[in-house]
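Observations on chain architecture
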Amino acid sequence: MNSTLIFIKMNTTFKTLSLLLLAVVFVQCGSQKNAAIKKFPPNLKKGDTIIVLSPASNLSDSTVLDNGIQLMKEWGLQVIKAPHVFAKDFTFAGTDAQRIQDLQMAFDNKNVKAIMCGRGGYGLNRIIDELDFTTYKKNPKWFVGYSDITVLHNEFNVLRIPSIHATMLAAITKATPEARNTLYNALFGIPYTIQTPTSVENKLGEAKGELVGGNLSLIDAMTGSKSELDTKGKILFLEEVDEPVYKVDSMIRSLMRSGAFEGIKGLIVGDFSLKESKEDFGYTYKQVILEALKKYNFPIYFDFPAGHIKDNRALIFGKTVHLKVNKEQSELRFD
Amino acid sequence: MNNITNHTPPPYLKKGDTIMIVAPAGFLKEASVIQSGIALAESWGLKVLLGKHYAEKFNHFAGTDEQRLADFQEALDRTDIKAIWCARGGYGTVRILDQIDFSNFTKHPKWIIGFSDITALHAHLHHLGFQSLHATMPGGIRTATPLAIDTLYNALFGNNKTITIPTNSLNKLGTTEGVLIGGNLAIIDSMTGSISEIDWKDKIMFIEEIGEHLYRVDRMLYSLKRSGALNQLKGIIVGDFTYDIETSLPFGGTHREIILNAVKEQTYPVIFDFPAGHIDNNVALTFGKKITIDATADTTLINF
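Figured I'd write up the structure that's included with this text. Since the model is a prediction, treat every value here as computed from it, not as a measurement.

Here's the deal with the overall build of chain A
When helices and strands are tallied, chain A shows 11 helices and 13 strands. Burial analysis of chain A (335 residues in total) assigns 58% to the buried set. About 14200 Å² of surface is accessible on chain A, with carbon and sulfur atoms providing 54% of the total.

What about the overall build of chain B?
A count of helices and strands for chain B gives nine helices and 13 strands. The globule rule puts the C-alpha radius of gyration for 304 residues at 19 Å, and the 18 Å found for chain B is close to it. Out of the 304 residues in chain B, the part that is buried amounts to 61%. Pairs at least 24 residues apart make up 79% of the contacts formed inside chain B by residues separated by at least 6 positions. With an accessible surface of roughly 11100 Å², chain B has 51% of that area assigned to carbon and sulfur atoms. Within chain B, the 32 negative side-chain charges are centred at a point lying 4 Å from the centre of the 27 positive side-chain charges.

Quick word on the sheet that holds strand β12 (residues 290–295) of chain B
The pairing of strands in a sheet comes from backbone hydrogen bonds and takes either a parallel or an antiparallel form. All names here are of chain B. Pairing in this open sheet of seven strands is mixed, and the strands run β6-β13-β12-β7-β8-β9-β10 from one edge to the other. Unpaired on one side and paired on the other, β6 (163–166) and β10 (270–271) mark the two borders of the sheet. Contacts from helix α5 (residues 119–128) reach β7 (174–184) and β8 (203–210) within the one sheet, and its direction differs from that of β7 by about 125°. Packing of helix α9 (residues 255–262) onto the sheet brings it into contact with β8, β9 (235–242) and β10, and relative to β9 it is tilted by some 155°.

A short note on the layout of surface pockets
Roughly 420 Å³ of internal volume is contained in the second largest pocket. Along the wall of the second largest pocket there are 21 residues; nearest its centre are Arg253 and Lys294 of chain A together with Asp65, Arg95 and Gln99 of chain B. Mapped by element, the contributors of at least two residues to the lining of the second largest pocket are α10 (245–257) and α11 (285–292) of chain A together with α2 (65–77) and α3 (93–97) of chain B. Per-element tally for the lining of the second largest pocket: the top contributor is α2 of chain B, with four residues. When the residues that make up the lining of the second largest pocket are grouped by side-chain class, the tally is eight nonpolar, three polar and 10 charged.

Observations regarding the interface of chain B and chain A
Contacts between the two partners involve 36 residues from chain B and, on the opposite side, 34 residues from chain A. Overall, the association of chain B and chain A removes approximately 3000 Å² of surface from exposure, summing both partners, and the carbon and sulfur fraction of that is 47%. On inspection of chain B and its partner chain A, the count reaches seven salt bridges. The shortest N-O distance in the salt bridge between glutamate 243 of chain A and arginine 216 of chain B comes to 2.2 Å. Between the two partners, chain B and chain A, sit 19 residue pairs in polar contact (both at pLDDT 80 or more). Mapped by element, the contributors of at least two residues to the side of chain B that touches chain A are α3, α7 (185–190) and α8 (214–226) of chain B. By residue number, the principal contributor to the side of chain B that touches chain A is α8 of chain B, which donates seven residues. Per-class residue counts for the side of chain B that touches chain A are 14 nonpolar, 12 polar and 10 charged.

Some words on the packing of aromatic side chains
Centre distance and the angle of the planes are the two values used to describe a pair of aromatic rings. For the coordinates displayed, the defined rule picks out 31 aromatic pairs over all chains. Arranged with centres 5.3 Å apart and planes meeting at 85°, the rings of phenylalanine 92 of chain A and phenylalanine 251 of chain B form a pair that is edge-to-face. A residue pair is termed interchain when its members come from two chains, as with phenylalanine 92 of chain A in the loop between β2 (78–81) and α4 (96–108) and phenylalanine 251 of chain B in the loop between β9 and α9. Across the pair, phenylalanine 251 of chain B and phenylalanine 92 of chain A agree in class, each one buried. With a centroid separation of 4.6 Å and an interplanar angle of 40°, the aromatic rings of phenylalanine 107 of chain A and tyrosine 136 of chain A are classed as tilted. Placement of phenylalanine 107 of chain A in helix α4 and of tyrosine 136 of chain A in helix α6 (residues 134–138) is noted, with a sequence separation of 29 residues between them. Phenylalanine 107 of chain A sits in the buried class, given a relative accessible area of 1%. Taken together, the ring pairs connect Tyr246, Phe281 and Tyr283 of chain A together with Phe58, Phe61 and Tyr91 of chain B into an aromatic cluster. For lysine 319 of chain A, the ring lying beneath its charged end belongs to phenylalanine 40 of chain A, and the centroid distance is 5.6 Å. Over the ring of phenylalanine 27 of chain B we find lysine 57 of chain B; its NZ or CZ atom is 4.4 Å from the centre of that ring.

Some remarks on the packing of α10 of chain A against α11 of chain A
Two numbers describe a pair of packed helices, the interaxial angle and the distance between the axes. Residue and element names in this part refer to chain A. At a minimum axis distance of 9 Å, the contact between α10 and α11 shows a crossing angle of 20°. Comparing their axes, α11 and α10 come out roughly parallel. The two elements α10 and α11 cross, and the hand of that crossing is right-handed. For the pair α10 and α11, contact is made by Val245, Val248, Asp249, Ile252, Arg253 and Met256 and by Tyr285, Val288, Ile289, Glu291 and Ala292, respectively. Here the residues of the contact of α10 with α11 are counted per class, giving eight nonpolar, no polar and three charged.

So, how was this worked out
- Residues numbered from 1 in each chain as written.
- Chains lettered and ligands numbered in written order.
- Predicted model: local features only at pLDDT ≥ 70, side-chain atom pairs only at ≥ 80, totals over all residues.
- Heavy atoms only, no water.
- Helix = DSSP H or I, 4+ residues; strand = E, 2+ residues; numbered from the N terminus.
- Buried < 20%, exposed > 50% of the residue type's maximum accessible area, 1.4 Å probe, protein only.
- Areas by Shrake-Rupley, 256 points an atom, 1.4 Å probe, with all protein chains shown as cover.
- Rg over C-alpha atoms; globule rule 2.2 N^0.38 Å.
- Contact = heavy atoms within 4.5 Å.
- Lys, Arg positive; Asp, Glu negative; His and termini not counted.
- Charge placed at Lys NZ, Arg CZ, Asp CG, Glu CD.
- Pairing = 2+ DSSP bridges.
- Axes fitted to C-alpha atoms, helices over the stretch in contact; angles between N-to-C directions.
- 1 Å grid on protein atoms, 1.4 Å probe; cavity = no way out; pocket = protein on both sides within 12 Å on 5 of 7 lines; lining within 4 Å.
- Points joined across faces, edges and corners; volume = space filled by probe spheres on them.
- Nonpolar A, V, L, I, M, F, W, Y, C, P; charged D, E, K, R; others polar.
- Buried area = accessible area lost by both parts, 1.4 Å probe.
- Salt bridge = Lys/Arg side-chain N within 4 Å of Asp/Glu carboxyl O.
- Polar contact = N/O pair within 3.5 Å; in protein donor to acceptor, adjacent residues only side chain to side chain.
- Phe/Tyr/Trp six-rings, centres within 6.5 Å; stacked < 30°, edge-to-face > 60°.
- Lys NZ or Arg CZ within 6 Å of the ring centre and 35° of its normal.
- Parallel < 35°, antiparallel > 145°, perpendicular 65-115°, else oblique.
- Left-handed = near helix turned anticlockwise from the far one by under 90°.

Below you can see the structure in the form of structure tokens.
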């Protein structure tokens, strides 16, 4: 606004020049978070090596990954365990420094073709700014996780690196066959479609756009930081666990007030396993979302099978997806 | 460049002035809980009006968004009302914040009093350039300490005094000066990126919290750090933090160690255990006002 006022006082040549400069600056700012993704991580193939690490909370004991590692072997993959995957430092899987060391090694080691998290919990927010993405950006690989891993997914999206929102290794053998199969397809580059009966609350419509998102609390926590998502023109996925409905209301409004829903093409609402609050809020989380976003026209797909549930289907963030929310069936297609 | 200036103070109250109690967030369990608040204000020579819907109940809220907004807007626009005392917090202020028209208020500012969920209003008023009062609400007067009541009176009637508190051994000592602003940590954090976001440059940040797990406190502090708030401050005053340490994820410390870790690169004073927040001894704090802190090994002086 202020620059407009300044321009009035400038001579024409200088004004034109400044406007041009300003336009260049705008294009460059926009390009960082919103340019088309040029480089996708290579699809996995049999014989590839992947690493499992714990970037947030600790794993309860060293046996919890056995079944997951066995499954990865069945998929033809070799699994290495990061040095601190079972480390413990209070709630964390090792100190901040140990978790940074494991992540950095996994990013930079050329022999590692994909990175899988053992579990989420809490802790990525503390170390995200200490990570060096230089090598990883040049040679991206698939990174798999959700919940607290949303911090990395958002940072990756800002850096224009695709990543996979999916079940983690400690829970993968308890997941549904669909959850496991979609992860396999995402990792090995096989197109897949997720289809469910349409919920009565859904807002119908179709959209095509880049998929982004993750855990609502963490997306909200990224606001104002360098990892804040640019959601414009994209399809946003949200899931939540263990929060009372009033907090969901507060976070949705907080995201709305920061402009996160301006210009998005669609909203996919995964599982919301919420906590009872002392006072009855009076609205369900679906009503909260519909009411807060009533001024927007984009399609909304409720009860999408992803989040803190066994049927946690894989989502490829950074990929252009096709969203259809029809009267009978709703679907999300990854070509 | 470094002139730290007060935000605009609304006119201080005087005997005979009228104030209005409104409920912009959660409902009152019983209308009678604000009786002690009304009696107190009347004992100060104030006339007390009640918002039309102050005792309303709609789900979690003191009336629908429209009703709460209508009450608040009326209290804001009426020139005979000299202060707005929020009945209680809870949750709901942010749902009506963007619909409030502050154009009459900016011409005829008045004191807006409350805390907790009312932090959303404090942030917005700070953004607009006005002082406001973080203090006990009518529903809390019955159990409030004499100090909570005296500081509320002094702040409203323009007679702020220096507050001296014992020094916590974890305090980061020093002297500093800055404009005081803050409130409930979760609400402050939720304002980031919005039109009500606080400009933290040269501010002294006050924070209090209730019922949040320690990992969430840690996450919110890292959010404030990552959004650039913490390195612009002149100091931090930490009020009451109430949480169940048993059910929290183990962190190897309390909220105090979490806060110290988040500001480990900073050199400004950090004062713990200031008596303000969800406690009976909720000392009134004038937001938007320049204060000085003198934190020594023995006592901490906060001068308004």
